[in-house]
Amino acid sequence: MDDSTLVAQAVSRDVAAFSALARQHQSRVRGLLLRLTRGNHAAADDLAQETFLEAWRGIAGFRGESSFSTWLYRIAYSRFLMGARKRKPDEPLGDWQGEAASGESATLARIDLERAMAKLSAPESAALTLCYALGLSNTEAALALNMPLGTLKSHVLRGRDKLKAILGDPS
Amino acid sequence: MNDSELDTLLCQPLPERDAGEFSVALMEAVARHQARPARILSWLMVAVLFVVVAAASVFGALAASHGAFGPQSLVVPAALTLLTLLLSFAVLQSARE
């Protein structure tokens, strides 16, 4: 069943339809939040649960101007920012532990990427994740992060430059 | 690292996360959220019930001290008892929800 049908059913308070929507989108929302929390699984899952609960409460307000996933990313990002504001300045975010470290170069490259991502600002990390790993267009990503398109593009460019520097750009 | 290598790395999909435990916890949270109005209502009704029972006790005590027991004096206790029964039923219903 596609998102629009499930959303229509969830708007009429169909818990099963919302559960199906949550199952469909949970991995990507948790992935985005895991990156933003720098690999802190517990914090990411707490924020993801808050995101879906807020979505359940406010699903009647979803007008379909963007895709459902973009709407969820928007809630997730604003939840993350709210959490970041509440967090004390000396309270650290997670320290990326990476997935089970194996000797495979792809895994090592991913861990390197996550550690480099952890050094970016939240908007840069979110912009890069949405535009590349989650495959959103720049317009959709700008909508999800609630920022003008130009600002999003400059976050993407700045983030890329920083990553290249951190990961070792020979040029 | 050049641009295309960085693009390849960035475009890797995020690791797939298992829905199992997360979905169960989420649906429990949704159920708790849905039960909230009924819970609040049942607590309100319990409070009203308490007030009604207290009023009935006071009325009973006053009537006993004045020795005024007649058919007319039964109207108020009967009304209070009926109200108590109705509220008990309502509390029971919302507790079931």
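Residues numbered from 1 in each chain as written. Chains lettered and ligands numbered in written order. Predicted model: local features only at pLDDT ≥ 70, side-chain atom pairs only at ≥ 80, totals over all residues.

Trainee: What am I meant to see in the overall build of chain B here?
Mentor: Counting its regular elements, chain B contains three helices and zero strands. Its helices and strands taken in sequence order, chain B reads α-α-α from the N to the C terminus. Scored against the burial criterion, the 97 residues of chain B give a buried share of 3%. Nonlocal contacts in chain B, meaning residues at least 24 apart in sequence, comprise 77% of its contacts between residues at least 6 apart. (Helix = DSSP H or I, 4+ residues; strand = E, 2+ residues; numbered from the N terminus. Buried ≥ 20, exposed ≤ 12 C-beta atoms within 10 Å, placed from the backbone. Contact = placed C-beta atoms within 7 Å.)

Trainee: Can you walk me through the interface of chain B and chain A in this structure?
Mentor: Quoted interface sizes are often the accessible area lost when the parts come together. Listed as interface residues are 21 residues of chain B and, on the opposing side, 28 residues of chain A. Elements with a contribution of two residues or more to the side of chain B that touches chain A: helix 1 (3-11) and helix 2 (20-66) of chain B. Here the side of chain B that touches chain A takes eight residues from helix 2 of chain B, the largest share from any one element. Split into classes, the residues belonging to the side of chain B that touches chain A amount to 15 nonpolar, four polar and two charged. (Nonpolar A, V, L, I, M, F, W, Y, C, P; charged D, E, K, R; others polar.)

Trainee: I keep staring at unusual backbone geometry and nothing clicks. Help me out?
Mentor: Glycine aside, negative phi is the norm for most residues, and most peptide bonds take the trans geometry. Residue and element names in this part refer to chain A. The backbone phi angle of arginine 13 is positive, close to 60°, even though this residue is not glycine. The topology assignment puts arginine 13 in the loop between helix 1 (3-11) and helix 2 (15-36). A positive phi is found at arginine 38, a non-glycine position, where the angle reads about 60°. Along the chain, the position of arginine 38 falls in the loop between helix 2 and helix 3 (41-58).

Trainee: For this particular structure, what's the right way to read the environment of Ala19(B)?
Mentor: The residue Ala19(B) is located in the loop between helix 1 and helix 2 in this model. Ignoring any residue separated from it by four or fewer positions in sequence, one finds Ala19(B) in contact with Arg23(A) and Gln26(A).

Trainee: Explain the domain arrangement of chain A to me, please; I cannot follow it from the model alone.
Mentor: Residues and elements named next belong to chain A. Parsing chain A into structural domains produces domain 1 (1-88) and domain 2 (103-171). On a C-alpha basis, the centres of domain 1 and domain 2 stand 21 Å from each other. Of all the elements in the fold, those that place two or more residues in the side of domain 1 that touches domain 2 are helix 2 and helix 4 (68-86). A total of six residues in the side of domain 1 that touches domain 2 trace back to one element, the largest contributor, which is helix 4. Split into classes, the residues belonging to the side of domain 1 that touches domain 2 amount to six nonpolar, three polar and four charged. (Domains from an automatic or database assignment.)

Trainee: Would you mind going over helix 6 (residues 122-133) of chain A with me for this structure?
Mentor: Owing to its 3.6 residues per turn, the α-helix aligns residues three or four sequence positions apart on the same side. Residue and element names in this part refer to chain A. Over its twelve residues, helix 6 runs 15 Å from end to end, which matches the ideal 16 Å to within 8%, given 1.5 Å per residue. Counting buried positions along helix 6 yields eleven of twelve residues, so the element is predominantly enclosed. Here helix 6 has its buried residues at Pro123, Glu124, Ser125, Ala126, Ala127, Leu128, Thr129, Leu130, Cys131, Tyr132 and Ala133. Looking one or two residues past helix 6, glycine 135 carries a phi angle of roughly 65°, positive in sign. (Expected span 1.5 Å × (residues − 1).)

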